[in-house]
Amino acid sequence: MARESRPIVKLSRREGYALHPKAHKALVKRSGPPGQQGQYSGRKKDSQYSLQLREKQKVKRLYGLLERQFAKLMDEASRTRGQSGATLLVFLELRIDNIIYRAGFAPSRQAARQLATHGHFMLNAKRVDIPSIRLKLGDKLVLRDVSKKNEYFKQIDELSPAPGNIPGWLKVNRKSFQIEVIGTPSREDAEPDIKEQLIVEYYSR
């Protein structure tokens, strides 16, 4: 399965946004884009197209999608009733890998994607290994019994501490490693500093 292979910290500097928890400190030290020209990047005003492109790249990389996947999801969102940008973010929030991350069973979306790809969870009693599957109301993710013996899950409280607040549309039982979708995420449940309208404008050109 193809994936973005470039270092996440460099990508975070390129987007000016922490795409991974470990990138926060790096951005404090060096906030400009990587490369020799990075220090000069703030001297000119970005065009509207540049702003649209950077926002699209930021969100695509934040959720770990490739270009074709992201464009396809945006196309579906634009054909769905409601605001296209908000719908896109709801679609992204409902992915299996994001839900594992939001539930606190992984310290990052990248780590959650790996857990999903390795087939550690069952969806409605069936083993799944596709992180892009989109869940719906009533769906349940449960850790497989064999995976409970994995050292990662034995040390879950150290490797991925319980988040301070779990989204209201999820019901999480940390002891039994169960996640249930009990509602539908809203725009407010996604990252607050995403300018989704710029993404809509980018694909509307």
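Our structure's up above, just so we're on the same page.
This write-up is about the structure you can find in this document. The shown structure was predicted, so the numbers you read here are calculated from the model rather than taken from an experiment.

1. Remarks on the packing of aromatic side chains
And then number 1: Summed over all chains, the structure comprises 8 aromatic pairs.
And then number 2: Geometrically, the ring pair formed by Tyr 152 and Phe 153 is edge-to-face, given 5.0 Å between the ring centres and 90° between the ring planes. The residues Tyr 152 and Phe 153 share a single accessibility class, namely buried.
And then number 3: Grouping aromatic residues by their ring pairs yields a cluster made of Phe 105, Phe 121, Tyr 152, Phe 153 and Phe 177.
And then number 4: For the cation-ring pair, Arg 109 lies above Tyr 63, with the distance from its terminal atom to the ring centre recorded as 4.4 Å.
And then number 5: Across the ring face of Phe 91, the terminal group of Arg 134 is positioned such that the distance to the ring centre comes to 3.9 Å.

2. A closer look at the nonpolar core
And then number 1: Ile 96, Ile 99, Ile 100, Phe 105 and Leu 141 are the most contacted members of the largest nonpolar core, which totals 25 residues.
And then number 2: Broken down by secondary-structure element, the contributors of at least two residues to this core are helix H6 (96-102), helix H7 (109-117), strand E1 (121-123), strand E3 (140-143), helix H8 (151-154) and strand E5 (178-181).
And then number 3: With residues up to four places along the chain from it excluded, the contact list for Ile 100 reads Phe 105, Ala 106, Ala 112, Leu 115, Ala 116, Phe 121, Leu 141 and Ile 179.
And then number 4: Core analysis: the second largest hydrophobic core is formed by 16 residues, Leu 65, Ala 77, Leu 89 and Leu 92 among them.

3. A short note on the packing of helix H3 (residues 48-63) against helix H10 (residues 196-203)
And then number 1: Close contact between H3 and H10 brings their axes to 8 Å; oriented N to C, the two are set at 110°. When the interaxial angle is binned, H3 and H10 end up roughly perpendicular. Along this stretch, H3 crosses H10, giving a crossing that reads as left-handed. Here Gln 48, Tyr 49, Leu 51, Gln 52, Leu 53, Glu 55, Lys 56 and Val 59 of H3 lie close against H10, whose contacting residues are Leu 198, Ile 199, Glu 201, Tyr 202 and Tyr 203.
And then number 2: Considered class by class, the residues forming the contact of H3 with H10 number 8 nonpolar, 2 polar and 3 charged.

4. So, the pairing of E3
And then number 1: With burial as the criterion, only one face of E3 is covered, namely that bearing Leu 141 and Leu 143; the residues Lys 140 and Val 142 on the opposite face remain uncovered.
And then number 2: Here E1 runs beside E3; their pairing, made up of 3 bridges, is antiparallel. Residue Leu 123 lies in a different strand from E3, and its bridge partner there is Leu 141.
And then number 3: For E3 and E5, the ladder comprises 3 bridges, and the chain directions are antiparallel. Bridge pairing in E5 places Val 142 opposite Gln 178.

Each value, and the rule that gives it
- Residues numbered from 1 in each chain as written.
- Predicted model: local features only at pLDDT ≥ 70, side-chain atom pairs only at ≥ 80, totals over all residues.
- Heavy atoms only, no water.
- Phe/Tyr/Trp six-rings, centres within 6.5 Å; stacked < 30°, edge-to-face > 60°.
- Buried < 20%, exposed > 50% of the residue type's maximum accessible area, 1.4 Å probe, protein only.
- Lys NZ or Arg CZ within 6 Å of the ring centre and 35° of its normal.
- Core = buried A, V, L, I, M, F, W, Y, C linked by side-chain atoms within 4.5 Å.
- Helix = DSSP H or I, 4+ residues; strand = E, 2+ residues; numbered from the N terminus.
- Contact = heavy atoms within 4.5 Å.
- Axes fitted to C-alpha atoms, helices over the stretch in contact; angles between N-to-C directions.
- Parallel < 35°, antiparallel > 145°, perpendicular 65-115°, else oblique.
- Left-handed = near helix turned anticlockwise from the far one by under 90°.
- Nonpolar A, V, L, I, M, F, W, Y, C, P; charged D, E, K, R; others polar.
- Pairing = 2+ DSSP bridges.

The values reported here are purely geometric and, on their own, carry no functional implication.
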